[in-house]
Amino acid sequence: MTVLPGKKKRSSSTRVRTKGRVIKRFLRNILLAVNIVLVIALLLAYLSVYLNPATASFPALFGLAYPYILTANIIMAVVWVLFRKWFALISVVAIALGFGYIHNFIRFTNHGEEIHHDLKVMSYNVRLFNIYEESERNSYNKMLQLFRNEEPGILCLQEYFVKGDPAAAERKLKEGIGGKLQTHFKLVKSGSSTRYGIATLTRYPVIYRGDVVHPGSSSLTIFTDIVVDTDTFRIYNNHLQSFRLRRVEGTLLGEITENVQDGGTVDEITGIYKSLTNGFASRALQVDRVKRHIETSPYPVIVVGDFNDTPVSYTYRRMRRGLKDAFVEAGYGAGFTYRGKYPANRIDFILYSEDIYCNDFDIVKVRYSDHYPVIAYFRRADQKAASTDQRSRRK
């Protein structure tokens, strides 16, 4: 039987089309599988804020990576839209379920106005003043200049570092900032002549100083009762548990890949996982301890510091309960405060009692540390209506 040439061509083209459909279906299924994994990761991130890492720490890993998991889901939704597939709804619905979390990282409207304020509070993790960074040895003087320029009424420092006599270092700091300052320091000895810790400095009278002890940890929390005009505030300055990775300045991804490239064992990679989960668990215990103390405060509170955790975490949710977040209330743009070798994230906070009014918030983009300083501007609660009226008139 003779096969006509036309039939051969049609049969060949059919096979090509069939093969193309198989490849297309295979790629679609791969994308769909990746999308489902990303959605599950996003849902685990949402779940992490409700689970105490001291009892279940695995979801906290996804909360830490939330901004990047969210970005991946947005990309997947765009990809499906380009292919005109309803699969885009998978990520869209998942994002919508946790839409409120986005506002804890990015503010799309600017309500802030710092011209009129009664109290200016700055919090800054100074990374030991970069004393061990050869290329950034002048950071201390740059920070002093920043403090002089900003003139905060209350300045809270984390990872404060002293080499030699602590009293002499305190005098040098106060003279460098200028003005009459009252101070509250808590230092831990880290070497034969070195100490690190946290410090609160203020231009207002201090009537009481205390601390919240975190047993078995180098993490620090102090509270300072400060009188501003006729009002008294209790300022909590915190530096909560870090992850303590073996390569302190490495990234999480770098820790893992370097172990693999160096022929690292499963035990070494497991060690990184344990460092992370131990950090989550320790912070959970610490935030519970601090929160219980806050609830006993006789004064309105302002809670600041490096929490070493993101807004999608048990730590943040527990600490923020009953308080407002200055960035959420008065900030604008992306709220990332960490700029080191870990992925950028928001881990430095200023929270405050609901009977205080925050009318502006700034993240000062100076590169003197691996953190950016954050500033909140406060007004007395009875000034809120007047400030709102002024904004309305400007509009």
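Residues numbered from 1 in each chain as written. Predicted model: local features only at pLDDT ≥ 70, side-chain atom pairs only at ≥ 80, totals over all residues. Heavy atoms only, no water.

1. Digging into the overall build of the chain
Within the chain, the secondary structure is distributed over twelve helices and 14 strands. Relative to its 395 residues, the chain shows a buried fraction of 48%. If you take every contact in the chain between residues at least 6 apart in sequence, the share linking residues at least 24 apart comes to 70%. Total accessible area on the chain stands at roughly 19900 Å², and carbon and sulfur atoms take up 58% of it. (Helix = DSSP H or I, 4+ residues; strand = E, 2+ residues; numbered from the N terminus. Buried < 20%, exposed > 50% of the residue type's maximum accessible area, 1.4 Å probe, protein only. Contact = heavy atoms within 4.5 Å. Areas by Shrake-Rupley, 256 points an atom, 1.4 Å probe, with all protein chains shown as cover.)

2. Details of the sheet that holds strand E14 (residues 374-380)
Reading across from one edge, E4-E5-E3-E2-E14-E13 is the order of the six strands in this open sheet, with mixed pairing throughout. Of all strands in the sheet, those with a lone pairing partner are strand E4 (182-189) and strand E13 (356-363), marking the two edges. Sheet twist, expressed as the average angle between the axes of neighbouring strands with direction ignored, equals 20°. Examined bridge by bridge, E13 and E14 share seven bridges and lie antiparallel to one another. Across the sheet, Ile356 pairs through a bridge with Arg380, a residue of E14. Relative to strand E3 (residues 154-163), helix H7 (residues 166-177) is tilted by about 135°, and along the sheet it contacts E3, E4 and strand E5 (194-202). (Pairing = 2+ DSSP bridges. Axes fitted to C-alpha atoms, helices over the stretch in contact; angles between N-to-C directions.)

3. Description of the pairing of strand E9 (residues 301-306)
Along E9, six of the six residues are buried, which leaves the element largely enclosed by surrounding structure. As defined by bridge partners, strand E8 (residues 231-239) adjoins E9 across six bridges and the pair is classed as parallel. By the bridge assignment, Tyr236 is partnered in E9 with Val303. Pairing of E9 with strand E12 (residues 348-353), which is carried by five bridges, proceeds in the antiparallel orientation. If you follow Val303 over to E12, its bridge partner there is Leu351.

4. Here we look at the pairing of E4
Note that E4 and E5 share eight bridges and pair antiparallel. Of the residues in E5, the one forming a bridge with Val188 is Tyr196. A loop of four residues connects E4 with E5, the two strands running antiparallel in sequence.

5. Some details on the packing of aromatic side chains
For the structure on display, the rule yields 18 aromatic pairs. For the pair Tyr352 and Phe378, a centre-to-centre distance of 5.2 Å together with 75° between the ring planes defines the contact as edge-to-face. With a gap of 26 residues between them, Tyr352 in strand E12 and Phe378 in strand E14 connect regions that are remote in the sequence. Its guanidinium or amino end placed over the ring of Tyr372, Lys365 lies 5.4 Å from that ring's centre, counting from NZ or CZ. (Phe/Tyr/Trp six-rings, centres within 6.5 Å; stacked < 30°, edge-to-face > 60°. Lys NZ or Arg CZ within 6 Å of the ring centre and 35° of its normal.)

6. Points about the sheet that holds strand E7 (residues 220-228)
Strand order in the open sheet formed by six strands is E6-E7-E8-E9-E12-E10, and the pairing between neighbours is mixed. One side of each edge strand has no neighbouring strand; the edge strands of this open sheet are strand E6 (206-212) and strand E10 (323-325). Within this sheet the neighbouring strands show an average axis-to-axis angle of 20°, counted without direction.

7. Side note on a nonpolar patch on the surface
Together, Leu43, Trp86, Leu89, Val92, Val93 and Leu97 make up an exposed nonpolar region whose accessible area comes to about 620 Å². A per-element tally of the nonpolar patch places helix H4 (residues 88-97) first, with four residues. Assessed through its relative accessible area of 41%, Val92 is described here as partly exposed. (Patch = residues over 30% accessible without salt bridge, like charges linked within 9 Å, V, L, I, M, F, W, Y side chains within 5 Å. Salt bridge = Lys/Arg side-chain N within 4 Å of Asp/Glu carboxyl O.)

8. Notes on H4
Inspection of H4 places Ala88, Ser91, Ala94 and Ile95 among the buried residues, and these make up the whole buried set. Within H4, the buried residues cover an arc of 145° as seen down the axis, which keeps them to one side. Pointing more than 90 degrees away from the buried face of H4 are the exposed residues Leu89, Ala96 and Leu97. (Arc of directions from axis to C-beta.)

9. Description of the pattern of salt bridges
Under the defined criterion, the tally for this structure stands at six salt bridges. Salt-bridge contacts for Asp211 lead to Lys186; the nearest nitrogen and oxygen are separated by 2.5 Å. Highlighted residues: Asp211 in strand E6 and Lys186 in strand E4, separated in sequence by 25 residues. The exposure class of Asp211 is partly exposed, given its relative accessible area of 33%. The partner of Asp288 in a salt bridge is Arg318, with the nearest N and O atoms 2.8 Å apart.

These values are about where atoms sit, not about what they do.
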